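An overview of the molecular structure
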Amino acid sequence: MLIIHPQPNQWKMYRKIRLAALKEDPQAFGRFFKEEKTYPKEKWLERVNNDYSLLALENNKPIGIISAYITEEKNNKVAHVVSVFVLKEARGRGVGKKLLNTVLEKIKKDPTIKKVVLSVNKEQIPAVKLYQKFGFEIIGQKPEQLGDGKKHIEYEMELSLK
């Protein structure tokens, strides 16, 4: 397994795994498959050009994805981890752990980022446990309509980098 930052010419590979995520596990995402499958090439290139977008590859095929983006809160930068997904047939082999570890290593290289946050459907128990192993703490919860069109409770989780 290899973790890479996708290059612009790999946008179709990125698109493929992202759409698989939305189709296979819609209850884990705040976006809809029907919407994202219509995105133009430029939208996918934007995502690929994000320094924090990563792909897990096996035999040159995408098996997992993770991304993050940075915002500023009260003069401190905050990293938001999003789009975490591993194909069902690749789960249980440490792919998610390696993706999360790699994106956190990249985030930690910027000393101005003081915390990392994410939201996760509380029903996604393996994901919640993974985040907790990395030191994320549940700081709240909120009802959210997710990609399956239903309301779910999402945990808001945070990892302090101070």
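Here goes a summary of the coordinates provided. Every chain's residues receive numbers from 1 upward, in the order its sequence appears when written. For a predicted model such as this one, the threshold for reporting local features is a pLDDT of at least 70, and the threshold for listing and counting side-chain atom pairs is 80 or more; totals across whole chains, interfaces and linings nevertheless cover every residue. To obtain the side-chain values, all non-hydrogen atoms of the structure were used and water was disregarded.

1. A look at the nonpolar core
Here is a general trend for soluble globular proteins: nonpolar side chains tend to be buried in one another's company. Nonpolar cores were defined as sets of buried Ala, Val, Leu, Ile, Met, Phe, Trp, Tyr and Cys residues, with membership established by side-chain atoms within 4.5 Å. Exposure is judged per residue with a 1.4 Å probe applied to protein chains only, and the accessible area is read against the type maximum: over 50% gives exposed, under 20% gives buried, and values in between give partly exposed. The biggest cluster of nonpolar side chains holds 47 residues, and the ones touching the most others in it are Val103 and Ile107. What counts as a helix is a DSSP run of H or I of at least four residues, what counts as a strand is a run of E of at least two, and both are numbered from the N terminus. Sort the elements by how many residues they give to this core and helix α1 (residues 11–24) lands first, with eight residues. Two residues form a contact once any of their heavy atoms are found within 4.5 Å. Contact partners of Val103, with chain neighbours within four places excluded, come to Tyr52, Leu54, Ile66 and Ala68.

2. A word on the sheet that holds strand β5 (residues 113–121)
Two strands qualify as a pair provided DSSP detects at least 2 bridges between them. As summarised here, the arrangement of the seven strands in space is β1-β2-β3-β4-β5-β7-β6, forming an open sheet in which the pairing is mixed. Pairing within the sheet leaves two strands with one partner each, and these edge strands are β1 (2–4) and β6 (137–145). Ignoring strand direction, the axes of neighbouring strands in this sheet form an average angle of 25°. Relative to strand β7 (residues 151–160), β6 is paired through eight bridges, and the arrangement is antiparallel. Residue pairing for β7: Glu144 is matched across the bridge by His152. Axis angles are defined between N-to-C directions and span 0 to 180 degrees, where every axis is a line fitted to C-alpha atoms and, for a helix, only to the segment in contact. Along the sheet face, α1 touches β2 (54–58), β3 (61–73) and β4 (76–86) and points at about 90° away from the line of β3. Relative to the sheet, helix α4 (residues 95–108) contacts β1, β2, β3, β4, β5 and β7, its axis offset from that of β3 by approximately 35°.

3. Structural notes on the pairing of β4
Each regular strand shows side chains that alternate between the opposite faces of the sheet. Looking at chain direction, β3 and β4 are connected through nine bridges and run antiparallel. Bridge pairing in β4 links Ser67 to Val82. If you look at the hairpin formed by β3 and β4, you'll find two residues sitting between the two strands, and Lys74 has a positive phi there, around 50°. Across four bridges, β4 lies against β5 in parallel orientation. Counted as the bridge partner of Val78 is Lys115 from β5.

4. A look at the pattern of salt bridges
A carboxyl oxygen of Asp or Glu within 4 Å of a side-chain nitrogen of Lys or Arg is what we treat as a salt bridge. As enumerated under the stated definition, the model contains ten salt bridges in all. Two residues, Glu36 and Arg18, come together in a salt bridge whose shortest N-O distance is 2.9 Å. With Glu36 in helix α2 (residues 33–36) and Arg18 in helix α1, this pair connects stretches of sequence that are 18 residues apart. You can call Glu36 buried: its relative accessible area is 0%. Notably, a salt bridge pairs Glu156 with Lys142, separated by 3.6 Å at the nearest N-O pair. Residue Glu156 is found in strand β7, and its partner Lys142 is found in strand β6; the two are separated by 14 residues along the sequence. Overall, Glu156 belongs to the partly exposed group, its relative accessible area being 28%. Linked through salt bridges whose partners overlap, the residues forming this network are Arg18, Glu36 and Arg47.

Read these as geometric descriptors, not functional statements.
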